[in-house]
Amino acid sequence: MKIIPVKTPNFVKTLFPNFIWNINTPHKELYLTFDDGPTPEITNWVLTTLKAYNAKATFFCIGNNIEKHPLIFQKLIKEGHTIGNHTYNHLKGWKSRTEEYIEDINKTQFLINTSKPYITNSDLESENLKLFRPPYGKFKGKQSKRIRELGYKIVLWDVLPFDWDESVSKEICLKNIISTAKGGSIIVLHDSVKASRNLKYVLPKILQYYSEKGFVFKALTS
């Protein structure tokens, strides 16, 4: 496995100040985010597990999956979670032309916007809430600039536990989180089949562990 820090180093955050890496808060709050869904085999389980702890999260959805599974997508919104854009085809920004990349994002945002009538939480109805996370966490500088000009807040992460990596055991995946996450951390998980082995072990445990310590799990709303 390629060595990538579990905890995003502060100097990296300083180099890219226009991205959201964590939330500055004095409170015991954590921000779970899920990439690559909605996926029938796993997203419904995630929602049930979050509900058991009254936890909210942010789902960075692939447009193609929104189109294929609209009822699951609508359920995400109805249950008070926030939605982010993760491109339509899970594009690799550094291998894509900028116009192609922006078109892919726009296609996904259209699908997200057409579900607006299903949103009941007034905080989530804000037309200004446009969140984007680049697949693989990588894209070109020109793409980043264009995305921000379109009004998106680009969300990366503070903690990357490698739940999708089959070479990482479920125990190590859990340790990656509880040894690094602190108040305001944005944690990346994946509601995908590939990540399901680790996710089904990790998610209930971190929800219980941090809840017992007085933490609240919140969705990104600004």
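Now for a quick tour of the structure. (Residues numbered from 1 in each chain as written. Predicted model: local features only at pLDDT ≥ 70, side-chain atom pairs only at ≥ 80, totals over all residues. Heavy atoms only, no water.)

### Thoughts on a nonpolar patch on the surface
At step 1: A surface patch of nonpolar side chains, amounting to about 350 Å² of accessible area, comprises Phe 11, Leu 15 and Phe 16.
At step 2: You can see Phe 11 is positioned in helix H1 (residues 10-15).
At step 3: Residue class for Phe 11 comes out exposed when judged on its relative accessible area of 56%. (Patch = residues over 30% accessible without salt bridge, like charges linked within 9 Å, V, L, I, M, F, W, Y side chains within 5 Å. Areas by Shrake-Rupley, 256 points an atom, 1.4 Å probe, with all protein chains shown as cover. Salt bridge = Lys/Arg side-chain N within 4 Å of Asp/Glu carboxyl O. Helix = DSSP H or I, 4+ residues; strand = E, 2+ residues; numbered from the N terminus. Buried < 20%, exposed > 50% of the residue type's maximum accessible area, 1.4 Å probe, protein only.)

### Overview of the nonpolar core
At step 1: With 61 residues, the main nonpolar core has Leu 32, Phe 34, Leu 50, Phe 59 and Leu 203 as its most contacted residues.
At step 2: No other element matches helix H8 (residues 196-212), which puts six residues into this core.
At step 3: Those residues within four positions of Phe 59 in sequence are excluded, and the remaining contacts are Phe 34, Thr 43, Val 46, Leu 47, Leu 50, Leu 76, His 81, Thr 82, Ile 83, Gly 84 and Asp 191. (Core = buried A, V, L, I, M, F, W, Y, C linked by side-chain atoms within 4.5 Å. Contact = heavy atoms within 4.5 Å.)

### A look at helix H5 (residues 98-113)
At step 1: Compared with the 22 Å implied by 1.5 Å per residue over 16 residues, the 22 Å span of H5 between its first and last C-alpha is a close match.
At step 2: Thr 98, Tyr 101, Ile 102, Asp 104, Ile 105, Thr 108, Gln 109, Leu 111 and Ile 112 are the residues of H5 that are buried.
At step 3: Against the buried residues of H5 lie strand S2 (58-61), helix H3 (63-68), helix H4 (70-78), strand S3 (82-85), strand S4 (131-132) and helix H6 (141-149). (Expected span 1.5 Å × (residues − 1).)

### Quick word on the pairing of strand S6 (residues 186-190)
At step 1: With five of five residues buried, S6 lies mostly within the body of the structure.
At step 2: Neither face of S6 is exposed, since Ile 186, Val 188 and His 190 on one face and Ile 187 and Leu 189 on the opposite face are all buried.
At step 3: Inspection of the sheet shows strand S1 (residues 29-35) paired to S6 by five bridges, in the parallel sense. From the neighbouring strand, Leu 32 faces S6, where its bridge partner is Ile 187. (Pairing = 2+ DSSP bridges.)

### A short note on the packing of aromatic side chains
At step 1: Taken as a whole and judged by the stated rule, the model has 12 aromatic pairs.
At step 2: Between Phe 132 and Phe 139, the aromatic rings sit 6.3 Å apart at their centres with planes inclined by 20°, giving stacked as the arrangement.
At step 3: Overall, Phe 139 belongs to the buried group, its relative accessible area being 16%.
At step 4: Among the aromatic residues, those joined into a cluster by ring pairs are Phe 16, Phe 19, Trp 21, Tyr 101, Phe 132, Phe 139 and Tyr 152.
At step 5: Positioned above the aromatic ring of Tyr 136 is the side chain of Lys 92, whose terminal nitrogen or guanidinium carbon lies 5.5 Å from the ring centre.
At step 6: Cation over ring: Lys 107 sits above Tyr 88, and NZ or CZ is 4.0 Å from the ring centre. (Phe/Tyr/Trp six-rings, centres within 6.5 Å; stacked < 30°, edge-to-face > 60°. Lys NZ or Arg CZ within 6 Å of the ring centre and 35° of its normal.)

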